[in-house]
Amino acid sequence: QRGELLGRLGTPGLLPEHFTSDFSIVTTPAAEMLANQKHPHIDGLLIAGVVYLSPQLEIGTCLFRHLPSGKAMLRDEAEMQAYSDWLRAHGEATQPHSYAVEQDGVWERLHTVAGRYNRLVMYPGNAFHSIDMRDVQAHHTMDSARLTQRLFISPPPAAA
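Residues numbered from 1 in each chain as written. Predicted model: local features only at pLDDT ≥ 70, side-chain atom pairs only at ≥ 80, totals over all residues. Heavy atoms only, no water.

In this section: the nonpolar core. Counting ten residues, the largest nonpolar core is built from C62, F64, L74, Y83, W86, L87, V101, V106, W107 and F128. When contributions to this core are tallied by element, the ones reaching two or more residues are β3 (61-66) and α3 (77-90). Here this core gets three residues from one element, more than from any other, and that element is α3. (Core = buried A, V, L, I, M, F, W, Y, C linked by side-chain atoms within 4.5 Å. Buried < 20%, exposed > 50% of the residue type's maximum accessible area, 1.4 Å probe, protein only. Helix = DSSP H or I, 4+ residues; strand = E, 2+ residues; numbered from the N terminus.)

The four strands lie next to each other as β1-β7-β2-β5, forming an open sheet whose pairing is antiparallel. Among the strands making up the open sheet, the edge pair consists of β1 (19-25) and β5 (120-124). On average, each strand axis in the sheet is tilted by 20 degrees relative to the strand beside it, whichever way the strands run. Direction of pairing for β1 relative to strand β7 (residues 147-153): antiparallel, over a ladder of seven bridges. Its bridge partner being in β7, F19 is matched across the sheet by I153. (Pairing = 2+ DSSP bridges. Axes fitted to C-alpha atoms, helices over the stretch in contact; angles between N-to-C directions.)

Take unusual backbone geometry next. Positive phi, normally seen in glycine, also occurs at N118, with a value near 70 degrees. Examined against the element boundaries, N118 turns out to sit in the loop between β4 (107-113) and β5.

So, on to the confidence of the model for the protein. Keep in mind that low pLDDT regions are not for reading the predicted coordinates in detail. Confidence in the prediction for the protein averages 86 pLDDT; 90% of positions are at 70 or higher. Per-element mean pLDDT across the protein ranges from 54 in helix α1 (residues 2-7) up to 96 in α3. (pLDDT = per-residue confidence, 0-100.)

Turning our attention to the side chain of T61. Note that T61 resides in strand β3. In terms of polar contacts, T61 uses its side chain to reach the side chain of Y52, at 2.6 Å. Sequence-distant contacts of T61, that is, excluding residues within four places in its chain, are made with V50, Y52, H111, T112, V113, Y123, H129, S130, D132 and R146. (Polar contact = N/O pair within 3.5 Å; in protein donor to acceptor, adjacent residues only side chain to side chain. Contact = heavy atoms within 4.5 Å.)

Looking now at the side chain of H18. Inspection of the secondary structure assignment puts H18 in the loop between α1 and β1. We classify H18 as buried; its relative accessible area is 13%.

A few words on the environment of V101. Looking at where V101 falls in the secondary structure, it is placed in the loop between α3 and β4. For V101, a relative accessible area of 1% puts it in the buried group. For V101 and P155, which are 54 residues apart along the polypeptide, the C-alpha to C-alpha distance reads 29 Å. Beyond its immediate sequence surroundings of up to four residues, V101 is in contact with K38, P40, F64, P96, W107 and R109.

And the structure:
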C-alpha cells in the first residue's frame, strides 16, 4: 500500500498528502523583520526539513534551547501557549539583532548544521531553529542569496 512505507517513519496513517514542499529565498534584511521573526521558531509539524540549493554558500540551520522555559522543543498545546505568551510579553525587548542568534541569555545554540549544497537536513518540526546567517546583502543576486527547498510533514489527523 502507498502509506505502508511512509508509515515506517513511525507515524501510522502517514500518506503522501501529508507532505508539502516549497522554495525559499532570503531577501529581507534583519532590520526590516518583526521582533518575533528574529527569534528562533518552531514549525509546529511532525518533521521539517531543508535542502540547501546555493552551491557557493554554506548558510545552514541552528537548533536552540529557549532558556527561560528550558525547552528545545514544544511538545504539546500547553507548552506552545506558554511560549506564545512569553513571546508576546518579552519578544520585543529580547529580540536578536540578526537572523542568527548567539548565546544571549534567552537562547542557547545547541547545534549548527552547515548548509552545504544539495544537503538534506530533517529535524522535528517542534524543535526551535533558525537560519545561521547574520544579515542579507543590500544588493543580492541568485549567487549571493540563500536558496532552499523546504519540506514539511504534517501529522495525520488524530483518530476520533
